[in-house]
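So you can see what is in the structure, the chains are spelled out below.
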Amino acid sequence: MKNTLFGQEIYYYEEVESTNAVAKKLALEGAKQGCVVIAERQSRGRGRLERKWHSPEGGLWFSVILRPIIKAAEVPKLVLIAAVAIYKAINRVLGLSVEVKWPNDILINGRKVCGILTEAVSRGENLCFVVLGVGLNVNINLQVLPQEVRESATSLKEVVGKKIDRINIFCSCLTWLEHFYQMFQKGKFDLILEEWRKQASFLGNDIEVKGITETIRGRAIDIDKNGALILELTDGTRCKVLSGDILT
Ligand code: BT5
């Protein structure tokens, strides 16, 4: 497969604060859809809700500019699309099986190997662009991560037991991202969601989800067509959670 969209233009840096921030600036200056920003290190890599994303040398820290013609409410779909693409890349290149954890994590053996961050810029009701950031722990020695992160994180090198060819993984990520993004643009999001569900082993489990204002307990039933988590509460009623973190 040869990409025609993602990675036609790549900006490479030794170090930036955040590839998402650089990509956002480039997008505001008119950079095209598919343009990629990648860095060896990030000094202020970010997660959701102003959290820190530790980005030492050896990982894949990159962002892609997307200009989809969708409503702002559909942006969470892009995270699921990216998760399926990264899963495929890891699986095809290394033969590893991974799990997805709603909304934006990829896990191996229950530990976080990848986080995805979308940042959308809108003007009024119109979505201008989305920056899709991917942080994948490839050749990271876990000792370089702070203690509190080390306990819940892993890296591909750690799992496989040897150094990984980062370029190979990066190219595969771009190929699969383009593949699933184009599928999405052709109206086939349902098929992507099917793929995502296959890797979502938490579905069916009793879980706790921490939102911004409250923590909700319930059984994880499914993901709806927009990427919201459907929980069944103890009284049998169902609710949709748009954002949050699964604690258990
Ligand atoms: C994420 O946020 O998981 C999204 C991470 C996206 C990072 C990419 S790197 C390229 C692009 N440029 C950026 O600046 N960001 C994107 P969230 O779900 O909020 O998870 C953040 C939490 O993950 C932190 O609070 C830590 O607990 C944990 N964490 C931080 N660094 C980690 C790492 N390298 N590996 C595993 N877990 C980590």
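Sequence order sets the numbering: in each chain, residues are counted from 1 along the sequence as written. Per-residue local features are limited, in this predicted model, to residues with pLDDT of at least 70; the limit for side-chain atom pairs, both in listing and counting, is 80 or more; totals at the level of whole chains, interfaces and linings are taken over all residues. For side-chain calculations, the full set of non-hydrogen atoms in the structure is used, while hydrogens and water are omitted.

**What to know about the nonpolar core**
- Throughout this description, the term nonpolar core refers to a set of buried Ala, Val, Leu, Ile, Met, Phe, Trp, Tyr and Cys residues connected via side-chain atoms within 4.5 Å. The rule is simple: take the accessible area with a 1.4 Å probe, protein chains only, and divide by the maximum for that residue type; under 20% is buried, over 50% is exposed, in between is partly exposed. Ranked by internal contacts, the top residues of the largest apolar core, which has 64 residues, are Phe62, Leu136, Leu156, Trp196 and Leu229.
- Helix and strand assignments follow DSSP, with helices taken as H or I runs no shorter than four residues and strands as E runs no shorter than two, numbered in order from the N terminus. With 13 residues, helix α2 (residues 75–94) is the largest single contributor of residues to this core.
- When sequence neighbours within four positions are dropped, the list of residues in contact with Leu229 reads Trp102, Phe202, Ile207, Val209, Ala220, Asp222, Ile223, Cys239, Lys240 and Val241.
- The next biggest cluster of nonpolar side chains, apart from the first, holds 14 residues, and it includes Ala23, Ala31, Ile65 and Phe129. Should any heavy atoms of two residues lie within 4.5 Å, those residues are considered in contact.

**Some thoughts on the sheet that holds strand β10 (residues 229–232)**
- Taken together, 5 strands build an open sheet; the order of strands is β11-β10-β9-β8-β12 and the sheet is antiparallel. Where the open sheet ends on each side, the last strands, each with one partner, are β11 (238–241) and β12 (245–246).
- Pairing between strands requires that DSSP locate at least two bridges from one strand to the other. Pairing analysis gives 4 bridges linking strand β9 (residues 215–223) to β10, with the strands arranged antiparallel. Along β10, the bridge assignment pairs Asp222 with Ile230.

**Focus on the pairing of β9**
- Note: strand β8 (residues 206–210) against β9, 5 bridges, orientation antiparallel. Bridged to Val209 within β9 is Ile216.
- Linking two consecutive strands that pair antiparallel, namely β8 and β9, is a turn of 4 residues.
- Counting the residues that bridge the hairpin from β9 to β10 gives 5 residues, and of these Gly227 lies at a positive phi of roughly 95°.

**Digging into the packing of α2 against helix α5 (residues 166–185)**
- All axes here are fitted lines through C-alpha atoms, helices being fitted over the stretch that makes contact, and every angle between N-to-C directions spans 0 to 180 degrees. Remark: α2 packs on α5, axes separated minimally by 8 Å, with the N-to-C direction vectors making an angle of 135°. By the angle class used here, α2 and α5 are oblique. Handedness of the α2/α5 crossing: right-handed. Counted together, Lys77, Leu78, Ile81, Ala82, Val84, Ala85, Ile86, Lys88, Ala89, Arg92, Val93 and Leu94 of α2 and Asn168, Ile169, Ser172, Cys173, Trp176, Leu177, Phe180, Tyr181 and Phe184 of α5 form the full contact between these two elements.
- Here the contact of α2 with α5 is composed, by residue class, of 16 nonpolar, 2 polar and 3 charged. Put simply, angles under 35 degrees are roughly parallel, angles over 145 are roughly antiparallel, angles from 65 to 115 are roughly perpendicular, and the rest are oblique. Crossing chirality is assigned from the near helix's rotation relative to the far helix, an anticlockwise turn below a right angle marking it left-handed and a clockwise turn marking it right-handed. Note on residue categories: nonpolar means Ala, Val, Leu, Ile, Met, Phe, Trp, Tyr, Cys or Pro, charged means Asp, Glu, Lys or Arg, and polar means any other residue, Gly included.

All we've got here are geometric facts, nothing functional implied.
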